[in-house]
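# Structural overview
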Amino acid sequence: MSASSKTGFSTKCVHGRKHTDKHDPHGRKPFGTVSTPIFMSSTFAFESVEHGAKIFAGESKDYTYTRIGNPTTAALESEVAFLEGAERGLALASGMAAVSHLTFHLVKPGEKFLYAKTLYGGTFAFFSHVCESHFKMKPIVIDATNLDEVAAAIDKDTKMLFIETPSNPTLALIDIAGCAEIARKHGVPLVVDNTFATPYLQNPIEFGADYVLHSLTKYLGGHGDLVGGLVVGSEENMARLHKDIYVDVGGCLSPFNAWLVLRGIRTLPARMDRHCKSAMEIAQFLSFHPKVEQVFYPGLRSNPDYHLAVKQMRNFGGMVSFLVKGGREAAAKMADNAKLWTLAVSLGDVDSLLSVPASTTHSTYSNEELRAAGIDPGLIRLSVGLEDVDDLIEDLRDALRTI
Ligand code: PLP
């Protein structure tokens, strides 16, 4: 119902003068909007008891409750699924919620799964600590850049193969098609975290992945103003994830954040083109700088993953990592003296961000695990933003001068 002028103040506050399609004050037709509306409603009214019962019996797909589904969130889910070449998506409250919900769905206590050694530190901590200690799963860390190692570790009892490419923070690439072929032979679902590349640069499903997930917090949102996550896959797999875990574990995304991401996606290609172009210039600048020891960027021809990047990516991305001469102390001095680059975690924003992963995002790794993953304590990770690239290079040059 909607409030009328005769109802009390409290009733007016609760029911208002609803501007839904049914209650448009001028009787105009619904859904003429060009921008997707934000449906900030936790619940959706049934037409009758019978209608409500039909939805809960699975005989109607009408909306009931935002934790189960919401029109704004659904618009985002179908948009990202469309961009990834998948059939359906499910949006979650964060990238980690996407990782954890999918893992809970695929792996049960006592079952084993494989995960790549170089991952976002939160994902690594979830797999190596939480899954084992709280859920009694058997996580096995592997070097997925080596397909022989993947083939040796996998068998029919493996419940998931999880990779991230390009990897955070070393930007090492993993051969998606190679992993998919091995996984398929054993009937094991391949999950690819595509956060660094975005669907604009890479579509893992094209190479045989079963599930692709994103931290929406990064390039898809693109403006550093939200946290969100999303998983895409086949209709059948996503329907099972929705029924088995999504609804009852309850990690849904806010419709407002879904709307922010929808807005972000409208400029994704333009932003990514700029991120990639500037990252390439910065990687080249750093690779010729006398105080820089090594640059990690798949777009440099000297990078061992260059040919794999050309095979599975449409461009090389906006992330660059590097080592300065003088180790961790010199890296900290350089990082503390950058002015235009904000010293902060996260990535994919309009603002350029600089971080030292070993002591922040990847502090979840032990020293031994850092060494095994190739993450030097002094590694500097850059998320190249949308500022003028000359200004960004100038600021790096000034900061490097201080060491
Ligand atoms: N995957 C990657 C590659 C990430 O870099 C991150 C966060 O930095 C995540 C997943 C987790 O996403 P969120 O912070 O949205 O939970």
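Preceding this paragraph is the structure being described.
Conventions we followed
- Residues numbered from 1 in each chain as written.
- Predicted model: local features only at pLDDT ≥ 70, side-chain atom pairs only at ≥ 80, totals over all residues.
- Heavy atoms only, no water.
- Phe/Tyr/Trp six-rings, centres within 6.5 Å; stacked < 30°, edge-to-face > 60°.
- Helix = DSSP H or I, 4+ residues; strand = E, 2+ residues; numbered from the N terminus.
- Buried < 20%, exposed > 50% of the residue type's maximum accessible area, 1.4 Å probe, protein only.
- Near = heavy atom within 4 Å.
- Polar contact = N/O pair within 3.5 Å; in protein donor to acceptor, adjacent residues only side chain to side chain.
- Areas by Shrake-Rupley, 256 points an atom, 1.4 Å probe, with all protein chains shown as cover.
- Nonpolar A, V, L, I, M, F, W, Y, C, P; charged D, E, K, R; others polar.
- Core = buried A, V, L, I, M, F, W, Y, C linked by side-chain atoms within 4.5 Å.
- Contact = heavy atoms within 4.5 Å.
- Pairing = 2+ DSSP bridges.
- Axes fitted to C-alpha atoms, helices over the stretch in contact; angles between N-to-C directions.
- Lys, Arg positive; Asp, Glu negative; His and termini not counted.
- Salt bridge = Lys/Arg side-chain N within 4 Å of Asp/Glu carboxyl O.

Enumeration over the complete set of coordinates arrives at 14 aromatic pairs. Between F113 and F127, the ring centres sit 5.1 Å apart and the planes meet at 65 degrees, which makes this aromatic pair edge-to-face. With F113 in strand β2 (residues 112-116) and F127 in helix α5 (residues 121-133), this residue pair connects regions lying 14 residues apart in the sequence. Judged by its relative accessible area of 0%, F113 is buried. Owing to a relative accessible area of 0%, F127 belongs among the buried residues under this scheme.

With that out of the way, let us pick up the site of the ligand. With respect to spatial proximity, 14 residues lie near the ligand, and among them M96, D193, S215, T217 and K218 are the closest. Between the ligand and K218 there is a distance of 2.9 Å, counted from an oxygen atom to a side-chain nitrogen or oxygen. A total of 390 Å² of accessible area belongs to the ligand in isolation, and the protein chains cover 91% of it. Of the residues assigned to the shell around the ligand, the class counts are 4 nonpolar, 7 polar and 3 charged.

Right, let's talk about the nonpolar core for a bit. The biggest cluster of nonpolar side chains holds 117 residues, and the ones touching the most others in it are L76 and L161. When residues of this core are assigned to their parent elements, the largest contribution, 8 residues, is made by helix α11 (residues 268-287). Setting aside residues no more than four positions away along its own chain, L161 makes contact with L114, I142, V150, I154, C179, A183, V188, P189, L190 and V191.

Once that is clear, we can look at the sheet that holds strand β5 (residues 190-193). Read from one edge of the open sheet, 7 strands run β1-β7-β6-β5-β4-β2-β3, paired in mixed fashion. Both edges of this open sheet fall to β1 (88-92) and β3 (138-142), since each of them pairs with a single strand only. Neighbour-to-neighbour, the strand axes of the sheet open up by a mean angle of 20 degrees, direction not taken into account. Here β1 pairs with strand β7 (residues 229-233) via 5 bridges, running antiparallel. Opposite A91, over in β7, you have L230 as the bridge partner. Each of β1, β6 (211-215) and β7 touches helix α3 (residues 71-84); the most contacted strand, β1, lies at about 125 degrees to it. The strands that helix α9 (residues 235-249) touches are β1, β6 and β7; relative to β1, the one it contacts most, it runs at about 30 degrees.

The subject of this paragraph is the side chain of K218. Among the structural elements, K218 can be located in the loop between β6 and β7. Nearest to the buried, unbridged K218 among oppositely charged side chains is D349, at 7.9 Å. When near neighbours in sequence (up to four residues on either side) are disregarded, K218 contacts T195, S346, L347 and G348.

Here we take up the pattern of salt bridges. Per the counting criterion, the structure on display carries 9 salt bridges. Of the charged contacts in the structure, one is a salt bridge between R88 and E235, with a shortest N-O distance of 3.2 Å. Of the two residues, R88 is situated in strand β1 and E235 in helix α9; the sequence distance between them amounts to 147 residues. Residue class for R88 comes out partly exposed when judged on its relative accessible area of 22%.

Take unusual backbone geometry next. Cis rather than trans, the peptide bond between T165 and P166 has omega equal to -10 degrees. Tracing the backbone through its elements, the reader meets P166 in the loop between β4 (158-164) and α7 (176-185). Of the consecutive residues N168 and P169, the connecting peptide bond is found in the cis state with omega at 5 degrees. Among the structural elements, P169 can be located in the loop between β4 and α7.

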